[in-house]
Amino acid sequence: MSMRTARRLLAGVAAAGAFVAASALPAYAAAPNLQIETRDALVAPDGYVSGYAFVFNPDDALNGVISVVVDSSDLKGAHIEWNDMSTEWLCTAESDTVTRCANAGGEFVSGVSLDYVLRGESDAQVGDTGSISFTAEFGGAKATGKSNVTIAEASDLSTGSFEQGPPTLEVTGDPGGTTKANAPVSNVGQSTVERTVLTIQPDWRTPYAGDFSNCVYYDNAFAICEFDQALEPGKNYRLSEDIPYGIDKTVRTGSVLSTYTDWWIADDFKLVEKSWLDLVSESHRGTGEPLRLEEVANARRGPQTDVTPYDSWWEVKITAGGDNQVDMAAIGATASGAVGATVDVAPGIRNLGPAALTSDGVPPAKPDVLITMPEGTTVVEASWDCAPYTAGGDWPPADDADWGKGGAREYGCWVWDLYTGYDYQFAFKVKIDQVLENAVGTITTKIGGDPNAGNDSAEIVVNSAGAGVGGGTGGGDGGGLPVTGPKSTMIAGVGVLMVGAGA
């Protein structure tokens, strides 16, 4: 299933949800609860930084045209450049310092961002402060906001060249254990950087496992470490100790999990810190020795900003070692019906562990599951994560429309996330062309490294001997397999929306 297919599915869910919400609205509409969110900015002389004013209504959608007046008359040492940053807006200058912008309008829009570039003047003085004011109007309501702007000293932290993609650090570790990686950084600017912040953003299966006293871990999210040692121009630095990461015991051997470390100049991070901390609640500060950088003493001269913040991070790739595989068992299905009847056939799989099977959102090079339907049947509608497939054929399908496509007898299927102890069914609608007693098909799992081949296949039986023949469009019993786990939760959510919409 490609990202486009996933987006279509989610778009359908959103549309159903919007229909339900709209049907519950009263006949009158209260004045919009219009609000503006902005962020203060640091900009260096001859430097630039992106800015925004996000206009939104936390209570309802903004259906229609929104206007925003931008007043930069109090701005010192910098100016606004619009360029192509706000393609959804039409902006007209009313004076040298006042611009009026209007968006194109739309339906079911909870909020819209007015984006711009803030550029420092070449003769700007470090420490000068000013502001940009915003006034938004929609549906008779107004909202105001202000972004404070400070001219800051140009600084530049870097973790290396990004010409061939982000620099990576590759380490290994066994499931249930830990692994470690450093996060080197260089000061490639012309000024001494006085204070820095390191953010550690792990995969949930490889959580931060350190206990440094200058680091705070926010549960199941990220860690933030603060450093007060100065970094001199032209010098390279490493952490005094490697950062430890735990590896969940359910991680499958061979899995590659990415975590990210990002270096910030402390003044820059202060501007965005609130948006990070608003996402979490529980936090734990370490009690051990602090994590350190090489100490360099220097007097602080004023605020600083990183003029190239996009080259200050690492991708840490953690490869799971050991021998922790997935024992995937196939579970068959049965169905019965008269000639011409359409029945439900739902073979499934069960993860017996000990590892979890997870997907990175990209179909595998070969199908995870192969399904062959019994003779005398025609697939009318295939499971959304299956597509017609023949041995040695192309995979994944080049055409998005092949996912869920009927008409074939053999199918390849892609398993997304399936955790230990959970089942999943592949839902097919099958027309019975001939009543053939004990017509048998198969479901076979093809998970690499599976240690138990004895449970990889199961039968799909239509009109088994002694089962009787039904009629109409009755569904098969699917072998009595319960649907549990992450994907069944998504399907249940879709069902709730459809029922609410009267579908």
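The structure under discussion appears in the preceding block.
Residue indices follow the written sequence of each chain, beginning from 1 at its first position. Owing to the predicted nature of the model, reporting of local features is limited to residues with pLDDT of at least 70; listing and counting of side-chain atom pairs is limited to 80 or more, with chain, interface and lining totals taken over all residues. Note: side-chain values were computed over all heavy atoms of the structure, leaving out hydrogens and water.

Student: Which parts of the structure should I look at to understand the sheet that holds strand β31 (residues 386–388)?
Tutor: The strands making up a sheet associate through backbone hydrogen bonding, with each pair oriented either parallel or antiparallel. For two strands to be treated as a pair, DSSP must find at least two bridges joining them. Only DSSP runs of H or I covering at least 4 residues are called helices, and only runs of E covering at least 2 are called strands; the numbering of each starts at the N terminus. Strand order in the open sheet formed by six strands is β26-β36-β35-β29-β32-β31, and the pairing between neighbours is mixed. In this open sheet, the two edge strands, each paired with only one partner strand, are β26 (333–335) and β31. Neighbour to neighbour, the strand axes of the sheet diverge by 20 degrees on average, direction disregarded. Where strand β29 (residues 369–372) lies against strand β35 (residues 439–445), four bridges are found, and the strand directions are antiparallel. Considered in β35, the bridge of V369 is made with T445. Axis angles are defined between N-to-C directions and span 0 to 180 degrees, where every axis is a line fitted to C-alpha atoms and, for a helix, only to the segment in contact.

Student: Help me out: how do you make sense of the packing of aromatic side chains in this one?
Tutor: Note on aromatic pairs: each is described by the distance of the centres and the angle between the planes. When two rings of Phe, Tyr or Trp (its six-membered ring) have centres within 6.5 Å they constitute a pair, described as stacked for plane angles under 30 degrees, edge-to-face for angles over 60, and tilted for the intermediate range. Under the criterion given, the structure shown has 18 aromatic pairs. Centroid distance F269 to W276: 5.8 Å. Interplanar angle 65 degrees. Geometry classified as edge-to-face. Here's how the labels work: a residue is buried when its accessible area is under 20% of the maximum for its type, exposed when over 50%, partly exposed in between, all with a 1.4 Å probe on protein chains only. You can call W276 buried: its relative accessible area is 16%. Consider the rings of W395 and W403, whose centres lie 5.5 Å apart with planes at 75 degrees: the pair is edge-to-face.

Student: Just to check I follow, could you spell out empty space enclosed by the protein for this structure?
Tutor: Unfilled space is identified by rolling a water-sized probe across the atoms. Of the grid points, spaced at 1 Å and generated over the protein atoms alone, those admitting a 1.4 Å probe that cannot get out make up cavities, while open sets with protein on both sides within 12 Å along at least five of seven lines make up pockets; any residue with an atom within 4 Å of a point is treated as lining. Grid points are joined across faces, edges and corners, and a volume is the space filled by probe spheres set on the points. Across all of its chains, the model carries one cavity of 30 Å³ or more by this definition. Put simply, the largest cavity is a space of about 50 Å³. For the largest cavity, the full set of lining residues is R205, T250, V251, R252, S255, L257, A356 and T358. Residues belonging to the lining of the largest cavity are distributed by class as follows: three nonpolar, three polar and two charged. Classification convention: Asp, Glu, Lys, Arg as charged; Ala, Val, Leu, Ile, Met, Phe, Trp, Tyr, Cys, Pro as nonpolar; all other residues, Gly among them, as polar.

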